[in-house]
Amino acid sequence: MTNFPIDKIRLDFPILQRKVNGKPLVYLDNAATSQTPKQVIDCIVEYYSLYNANIHRGVHTLSQEATDAYEAAREKIRVHFNAKHREEIIFTSGTTEGINLVAHGFSKRLKKGDEVIVSALEHHSNIVPWQMMCEETGAKLRVLPMLPNGELDMNAYADLVNANTKLVFVNHISNALGTINPIKQIIEKAKKVGAAVLIDGAQAAPHIKADVQDLDVDFYVVSAHKMCGPTGVGVLFGKKTWLEKLHPYQGGGEMIDQVSFEQTTYAGLPHKFEAGTPNICGGIAFGAAIDYMNTIGFEAIAQYEHDLLVKATQALFEIDGLKIYGTAKEKTSVISFNIEGIHPYDIGTIVDKLGIAVRTGHHCAKPIMDYYKIPGTVRASFAFYNTFEEVEALVQAVKKAKEMLS
Ligand SMILES: *Cc1c(COP(=O)(O)O)cnc(C)c1O
């Protein structure tokens, strides 16, 4: 793509100017967390410099300003994901908490004989809470298997879904392999038997603008820090009809209507699920991050990242003994690879010396690594602020690591 304003974009990210081990930083660990543009950093500085106050309960000006900004951020996020109602947007501490909130709610509703389906491509945070839920309720956890190219086995899915299926959990995009899953199809099939679907959108949100009404999804969870926002904040979208039915996750201030020692009644949505003082600044900055990404535009981002992915894939493929895991037809800018006979950790260490940040290990997706019978991979994940020169730097660094280690 020739007219993508990459030079201008890079100036928005102060961290991209720094050096690591004497070399310019090449940050390719975006699937773990993204970097923060100055528009978002400024928003955080402004909050603490001008209107830091607790929300929803103060009559004073600062508290009202903070409440207005926090609720305006909720509205931005609602519009971004095209939720119908503002009460369907629950602020959380991130994807993990969003999933736990839903699992906790369902652990009061499921019984022995019920079945839940989880995909083989999940992040641990979309496996462990459901295991805990199943242990508690006696529901059965069934696994939707994957294929060697990193796609889900949709024929197996058709066989797994049945009248006992109550819930299906799948990520929109796999953080370990980059596979974009056919979630629309998955949701449609689940609906036919009346099962609810939770989509883990943590890895998709920085690349694809999901439309929760069009998807007709019941729950969709994201983290701000994967999409240019701060850590420790995220959002759970839940259909109002579901959120009204689910039991609150935590008790505390903000989530109640009336409290006495005899009885407590809960607040309405979204506050029922937002106990305690939230990450106010984080929520506001999440809104700023969404504004920032929309200014660049998700279509332009997807196209540019796709070009980076194609170039990196082609160049890495040419390295002898290098194997890429996850070659799905639909994938985002994540490349997981190994070089025959070399431990991924050693590659990661050498490329770091050259200023390049990649991730090594199991990427919180041990079942995928077990499937391929490997301890882990080297993972390079690209964002819209990466360049073709950085792709080239990665390829050269991997070649150098291979020379040194073999
Ligand atoms: C990062 C990630 C998570 C966990 O997000 P947290 O912000 O750590 O809660 C879950 N699922 C996927 C697919 C991810 O990429």
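As the structure is a prediction and not an experimental result, all values here were calculated from the model. (Residues numbered from 1 in each chain as written. Predicted model: local features only at pLDDT ≥ 70, side-chain atom pairs only at ≥ 80, totals over all residues. Heavy atoms only, no water.)

What about the pattern of salt bridges?
- Summed over all chains, the structure comprises 20 salt bridges.
- For the salt bridge of Asp291 with Lys76, the shortest nitrogen-to-oxygen distance reads 2.8 Å. A residue pair is termed long-range when its members are at least 10 positions apart, and Asp291 in helix H10 (residues 280-296) and Lys76 in helix H3 (residues 61-81) qualify at 215 residues.
- Overall, Asp291 belongs to the partly exposed group, its relative accessible area being 36%.
- You can call Lys76 partly exposed: its relative accessible area is 34%.
- The network of salt bridges with shared partners includes Glu71, Arg74, Arg86 and Glu274. (Salt bridge = Lys/Arg side-chain N within 4 Å of Asp/Glu carboxyl O. Helix = DSSP H or I, 4+ residues; strand = E, 2+ residues; numbered from the N terminus. Buried < 20%, exposed > 50% of the residue type's maximum accessible area, 1.4 Å probe, protein only.)

Regarding the pairing of strand E11 (residues 256-259)
- Of the pairings in the sheet, the one linking E11 to strand E12 (residues 264-266) comprises 3 bridges and is antiparallel in character. Opposite Val259, over in E12, you have Thr264 as the bridge partner.
- Joining the antiparallel neighbours E11 and E12 is a turn of 4 residues. (Pairing = 2+ DSSP bridges.)

Notes on the sheet that holds strand E10 (residues 234-238)
- One open sheet accounts for 7 strands, arranged E4-E10-E9-E8-E7-E5-E6; its pairing is mixed. Of all the strands in the sheet, the pair left with one neighbour each is strand E4 (89-92) and strand E6 (140-144). Ignoring strand direction, the axes of neighbouring strands in this sheet form an average angle of 20°.
- Examined bridge by bridge, strand E5 (residues 115-119) and strand E7 (residues 165-171) share 4 bridges and lie parallel to one another. Paired with Glu115 across the two strands is Thr165, which belongs to E7.
- Set on the sheet, H3 makes contact with E4, strand E9 (219-223) and E10; between it and E4 the angle comes to about 120°. (Axes fitted to C-alpha atoms, helices over the stretch in contact; angles between N-to-C directions. Contact = heavy atoms within 4.5 Å.)

Considering the domain arrangement of the protein
- Per the domain assignment, the segments making up the protein are domain 1 (6-30 + 298-405) and domain 2 (41-295).
- The distance between the C-alpha centroids of domain 1 and domain 2 comes to 28 Å.
- Taken together, the contacts link 32 residues of domain 1 with 31 residues of domain 2.
- When the two sides are added together, the surface that domain 1 and domain 2 hide from each other amounts to roughly 2500 Å², 61% of it contributed by carbon and sulfur.
- For the pair domain 1 and domain 2, the interface holds 1 salt bridge.
- Ionic pairing is found between Lys329 and Glu151, a salt bridge with its closest N-O pair at 3.5 Å.
- Put simply, domain 1 and domain 2 have 14 residue pairs in polar contact (both at pLDDT 80 or more) between them.
- Among the secondary structure elements, those contributing two or more residues to the side of domain 1 that touches domain 2 are helix H11 (298-317), strand E14 (334-339) and helix H13 (366-372).
- Split by residue class, the side of domain 1 that touches domain 2 holds 18 nonpolar, 7 polar and 7 charged. (Domains from an automatic or database assignment. Buried area = accessible area lost by both parts, 1.4 Å probe. Polar contact = N/O pair within 3.5 Å; in protein donor to acceptor, adjacent residues only side chain to side chain. Nonpolar A, V, L, I, M, F, W, Y, C, P; charged D, E, K, R; others polar.)

Quick notes on the side chain of Asp114
- The residue Asp114 is located in the loop between helix H4 (95-106) and E5 in this model.
- For Asp114, a relative accessible area of 4% puts it in the buried group.
- At a separation of 3.5 Å, a polar atom in the side chain of Asp114 contacts the side chain of Lys166.
- The residues touching Asp114, leaving out its near neighbours within four places in the chain, are Arg109, Ala139, Lys140, Asn164 and Lys166.

Some remarks on the packing of aromatic side chains
- Considering all chains together, one arrives at 17 aromatic pairs under this definition.
- Measuring from centroid to centroid gives 6.0 Å for Phe81 and Tyr220, while their planes differ by 45°, and the two rings are tilted. Placement of the pair is Phe81 in helix H3 and Tyr220 in strand E9, with a sequence separation of 139 residues. Exposure class is identical for Phe81 and Tyr220. Each is buried.
- Linked through ring pairs, Phe13, Tyr292, Phe384 and Tyr385 together constitute an aromatic cluster.
- One cation-aromatic arrangement involves Lys245 over Trp242; the distance from NZ or CZ to the ring centre is 4.4 Å. (Phe/Tyr/Trp six-rings, centres within 6.5 Å; stacked < 30°, edge-to-face > 60°. Lys NZ or Arg CZ within 6 Å of the ring centre and 35° of its normal.)

Some words on the sheet that holds strand E17 (residues 377-381)
- With antiparallel pairing, 4 strands are arranged side by side in an open sheet as E13-E14-E17-E16. The sheet terminates laterally at strand E13 (322-325) and strand E16 (359-361), the two strands that pair on one side only. Neighbour to neighbour, the strand axes of the sheet diverge by 30° on average, direction disregarded.
- Both E13 and E14 contribute to a ladder of 4 bridges, which runs antiparallel. Within E14, the position partnered with Leu322 by the bridge is Ile339.
- Where H11 meets the sheet, it contacts E13 and E14, and its direction lies at approximately 10° from that of E14.

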